[in-house]
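So the chains spell out like this:
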Amino acid sequence: MEHQGRGVGPALAEARERLRRAEVAALREPGSVRLLLATKTLPADVVREAVQADAQACATTGARSAILGENRAQELVAKAPALADLAPTWHFIGPLQSNKVNAVLRHAACVQTVASLDLARRLAERAVASGRTLEVMLQVNVSGETTKAGAAPDDAVPLALQVAGLDGLRLTGFMTVGANSPDLGVVRAGYALLRQVRDAVLASGADGTEHACELSMGMSGDLEAAVAEGATVVRLGTAVFGARPRP
Ligand SMILES: *Cc1c(COP(=O)(O)O)cnc(C)c1O
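Scoring rules and cut-offs
Residues numbered from 1 in each chain as written. Predicted model: local features only at pLDDT ≥ 70, side-chain atom pairs only at ≥ 80, totals over all residues. Heavy atoms only, no water. Helix = DSSP H or I, 4+ residues; strand = E, 2+ residues; numbered from the N terminus. Rg over C-alpha atoms; globule rule 2.2 N^0.38 Å. Buried < 20%, exposed > 50% of the residue type's maximum accessible area, 1.4 Å probe, protein only. Areas by Shrake-Rupley, 256 points an atom, 1.4 Å probe, with all protein chains shown as cover. Lys, Arg positive; Asp, Glu negative; His and termini not counted. Charge placed at Lys NZ, Arg CZ, Asp CG, Glu CD. Near = heavy atom within 4 Å. Polar contact = N/O pair within 3.5 Å; in protein donor to acceptor, adjacent residues only side chain to side chain. 1 Å grid on protein atoms, 1.4 Å probe; cavity = no way out; pocket = protein on both sides within 12 Å on 5 of 7 lines; lining within 4 Å. Sits in = over half its atoms within 2 Å of the grid points. Nonpolar A, V, L, I, M, F, W, Y, C, P; charged D, E, K, R; others polar. Contact = heavy atoms within 4.5 Å.

Visitor: Give a detailed account of the overall build of the protein chain, specifying residues and quantitative values.
Guide: Of regular secondary structure, the protein chain possesses 9 helices and 8 strands. At 17 Å, the protein chain has a C-alpha radius of gyration in line with the 18 Å of a compact globule built from 247 residues. Principal-axis analysis of the C-alpha atoms gives the protein chain an extent of 45 × 40 × 35 Å. Across the 247 residues of the protein chain, 49% fall into the buried class. For the protein chain, the accessible area works out to roughly 11,200 Å², and carbon and sulfur atoms hold 51% of it. If you average the places of the 26 positive and of the 26 negative side-chain charges in the protein chain, the two averages end up 3 Å apart.

Next comes the structure, spelled out in structure tokens:
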């Protein structure tokens, strides 16, 4: 794992500064966009370094501490206990197979990648059985790229209303992976679409939609476009940890 030779601490401070500049440029309150650190492929000790550097950065700026995001159930299960003393908030941000639901629920406060009523019902059932409320976001495929997961934008509003009505779940917002395009205008239009989905769901006034404010969008390559379109959470991997080894 390389951090372009800088180490995680300086890279994290730089990413936080980049986020702050994006907030200012978009006339958003500095510190208002939550940082999520995407920890896939990273060993727990590197994640620990990042969490500690983040705590320092937040102590001086007053920003809220970063969320940790994991894509694979097995990695979450391995890393969460190793970092439990830091009491981080984990979000699950990858494809979730039904046989991994229990493992993910043990550690994650939020599953950002709900894209079907079937998965939502499974999660709801498990949450009710363990006497808790699980936060979920609806993943939307704003670009229509066939390689990407998520509900189609046209299906997203009705699906969100159904998910919001399930006992055991709290719909907190919407998540997307931006278009894979060199044209930032295209990327940004996709983020605007996610915001429109969110606004339509909030405007519905339907039961359980009142908390669905979050927009988890923007990654290392395009966080400025996402912040300009109203992101409330940006998910950064390479900007903080350097390039990941290719699978
Ligand atoms: C890996 C990952 C990220 C971070 O991507 P970078 O381009 O490395 O910042 C964000 N979201 C999801 C869902 C990811 O899998």
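After that view of the structure, there is still more to cover.
Visitor: Describe the site of the ligand, naming the residues involved and giving the relevant values.
Guide: In the neighbourhood of the ligand, the contacting residues comprise A38, K40, N71, I93, M175, M219, S220, R235, L236, G237, T238 and R244. At a separation of 2.4 Å, an oxygen atom of the ligand approaches a polar side-chain atom of S220. In isolation the ligand exposes 380 Å². Once the protein is present, 89% of that is buried. Comparing atom positions with the cavity grids shows the ligand to sit within the largest pocket. Residue composition of the shell around the ligand, by class: 5 nonpolar, 4 polar and 3 charged.

Visitor: Account for the side chain of H91, naming residues and giving values.
Guide: Take H91: it is sitting in strand 3 (residues 90–92). Assessed through its relative accessible area of 6%, H91 is described here as buried. A polar contact of 2.9 Å, which involves the side chain of H91, links it to the side chain of Q112. Residue contacts for H91: discarding those within four places in its chain leaves L36, I67, L68, G69, E70, C110, Q112, E135 and M137.

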